[in-house]
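Per-entry structural report
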Amino acid sequence: MGIFAHQNADPDAIASVVGLKHILKQYFPNAKFTLFAHSISTISKKLLLTGNEVFQSDSVPNDLDVIFICDANNIQQLGNISLNDFTSQKKPIIVIDHHEEIEKPDEIAHSIINVETSTAEMIGKMYKELEIVLEPKIATFLLTGILFDTRRFIYRTASTFDTVQFLIHSGGNYDEALTILQKEPSDSEKIARLKGATRTIIHKEGTDIYAFTHISSYESSLARALIGLGASFAVVLAVPSDNEYRISMRSTKTFAEGNKISLGALAKVISAKFEGTGGGHQTAAGINFKKPKEFPKDKNEIVQMLLKMMLKEIKQK
Ligand SMILES: [Mn+2]
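Reading the values: the criteria
Residues numbered from 1 in each chain as written. Predicted model: local features only at pLDDT ≥ 70, side-chain atom pairs only at ≥ 80, totals over all residues. Heavy atoms only, no water. Helix = DSSP H or I, 4+ residues; strand = E, 2+ residues; numbered from the N terminus. Rg over C-alpha atoms; globule rule 2.2 N^0.38 Å. Buried < 20%, exposed > 50% of the residue type's maximum accessible area, 1.4 Å probe, protein only. Contact = heavy atoms within 4.5 Å. Areas by Shrake-Rupley, 256 points an atom, 1.4 Å probe, with all protein chains shown as cover. Lys, Arg positive; Asp, Glu negative; His and termini not counted. Charge placed at Lys NZ, Arg CZ, Asp CG, Glu CD. Donors = N, O, S within 2.8 Å, 3.2 Å for Na, K, Ca; no water. Right-handed = clockwise from strand over helix to strand, strands pointing away. Pairing = 2+ DSSP bridges. Polar contact = N/O pair within 3.5 Å; in protein donor to acceptor, adjacent residues only side chain to side chain. Axes fitted to C-alpha atoms, helices over the stretch in contact; angles between N-to-C directions. Parallel < 35°, antiparallel > 145°, perpendicular 65-115°, else oblique. Left-handed = near helix turned anticlockwise from the far one by under 90°. Nonpolar A, V, L, I, M, F, W, Y, C, P; charged D, E, K, R; others polar. Domains from an automatic or database assignment. Buried area = accessible area lost by both parts, 1.4 Å probe. Salt bridge = Lys/Arg side-chain N within 4 Å of Asp/Glu carboxyl O.

To continue, consider the overall build of the chain. Of regular secondary structure, the chain possesses 12 helices and 12 strands. For 317 residues, the compact-globule estimate of 2.2 N^0.38 gives 20 Å, and the C-alpha radius of gyration of the chain, at 20 Å, lies within 12% of that figure. Seen through its C-alpha atoms, the chain measures out along the principal axes to roughly 55 × 45 × 40 Å. The buried share among the 317 residues of the chain stands at 51%. In the chain, 62% of the contacts between residues at least 6 apart in sequence involve partners at least 24 apart. Carbon and sulfur atoms make up 50% of the accessible area of the chain, which totals about 15,700 Å². Distance between charge centres in the chain, computed from 36 positive and 37 negative side chains, equals 5 Å.

The structure is reproduced here in structure tokens:
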């Protein structure tokens, strides 16, 4: 069995993959499990140092009978890997995710998608409901995933604290989870954020403040920072190479609710216009695409164009 996290796997993806593996082990004690992440975020690497779980990043074994995907709902988000051999044999792919699903891709056989704070919370609930013994180490992993995706409980649902309490009762170490997530940004990240902030285009629409800018990397960090500075809606374009465009979007809950919009849905609409992929949830989303034909070279022009496109979509709501 293969259990996959999305590319640049965050602690929620890593924790849910590890958590799911131990659930499946109860039912299939003799199965062989391969954990896979095309790339792993810095903070997730710190999380992995606390356990013994090994993730593969390059070759997908060809003896897999079933693939699980955690924290993403399509194979594009797994990164630059080919599952053609697997999908051509019509073997099942099962998704466990908390991001909004617009439509189910054909290659996905089953999906468990709940609107929850995190995939780690979904996995935590599975342990509780299936009454599976949860090892303290796994409980700490899941706590870390929940803390990360909720941004230390800024986002939560009616059940989040119940799940967290269950994980702590199971031996999860809350302080250790917090420590794993503490990270001072590198100097390059700080400078990139400051530079990106200085060239921000600010647009006011009613009571909403739009902040649009570009940066070479650290786009999600800058988008979050812009919300911290007072933006209602922040969009950051990153152009890491000639043909690669990434957009990170963040908003306040007030913005999303006031405009009756989910950034995940908005990302889907905008990404389709560029023949790229996009998704996310209510207040955080991302878009990836390759250079479309007849596309402005000047990044400020692209940012202006994105502002116009998104304003149009939001006003249509
Ligand atoms: Mn997640």
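Back to the text.
Bringing the coordination of the manganese ion into the picture now. Listed as protein donors to the manganese ion are D12 (OD), D71 (OD), H98 (NE2) and D149 (OD); their distances from the metal cover 2.1 to 2.3 Å. Linear spacing of the donor residues for the manganese ion on their chain is D-x58-D-x26-H-x50-D. Taken together, the residues span a long stretch of sequence, with D12 in helix α1 (residues 11-27) and H98 in the loop between β5 (93-97) and β6 (110-113) at a distance of 86 residues. The exposure class of D12 is buried, given its relative accessible area of 0%.

A few words now on the pairing of strand β9 (residues 233-241). Burial of β9 is extensive: 7 of the 9 residues sit out of reach of the surface. Crossover handedness for the path strand β8 (residues 208-215) to helix α9 (residues 219-229) to β9: right-handed. Bridge count between β9 and strand β10 (residues 244-251): 7 bridges; the pairing is antiparallel. By the bridge assignment, V236 is partnered in β10 with S248.

So, about the side chain of N74. Mapping N74 onto the fold places it in the loop between β4 (67-70) and α3 (84-88). Engagement of the side chain of N74 in a polar contact is seen with the side chain of N73, the distance being 3.5 Å.

For any two helices packed against each other, the geometry comes down to the angle between their axes and how far apart the axes lie. The geometry of helix α8 (residues 187-198) relative to α9 is characterised by a closest axis approach of 9 Å and an angle of 60° between their N-to-C directions. In terms of axis orientation, α8 runs oblique to α9. α9 is crossed by α8, and the crossing has right-handed handedness. Along the contact surface, α8 presents E189, R193, G196 and A197, while α9 presents S221, L222, A225 and L226. In the contact of α8 with α9, the residues fall into 4 nonpolar, 2 polar and 2 charged.

Take the packing of helix α4 (residues 119-130) against helix α5 (residues 136-149) next. It is at 8 Å that the axes of α4 and α5 come closest, and there the two elements cross at 145°. Residues A120, E121, I123, G124 and Y127 of α4 form the contact with α5, whose own contacting residues are I138, L142, G145 and I146. Considering only residue class, the contact of α4 with α5 consists of 6 nonpolar, 2 polar and 1 charged.

This part takes up the domain arrangement of the chain. Segmenting the chain into domains produces domain 1 (2-181) and domain 2 (188-316). Summarising the inter-unit geometry, the C-alpha centres of domain 1 and domain 2 are found 27 Å apart. Of the residues lining the interface, 7 residues belong to domain 1; the matching set on domain 2 comes to 9 residues. Each partner contributes to the roughly 750 Å² buried at the junction of domain 1 and domain 2, and carbon and sulfur atoms together form 56% of this total. Viewed at the interface, domain 2 and domain 1 are joined by 0 salt bridges. Counted by class, the side of domain 1 that touches domain 2 contains 2 nonpolar, 3 polar and 2 charged residues.

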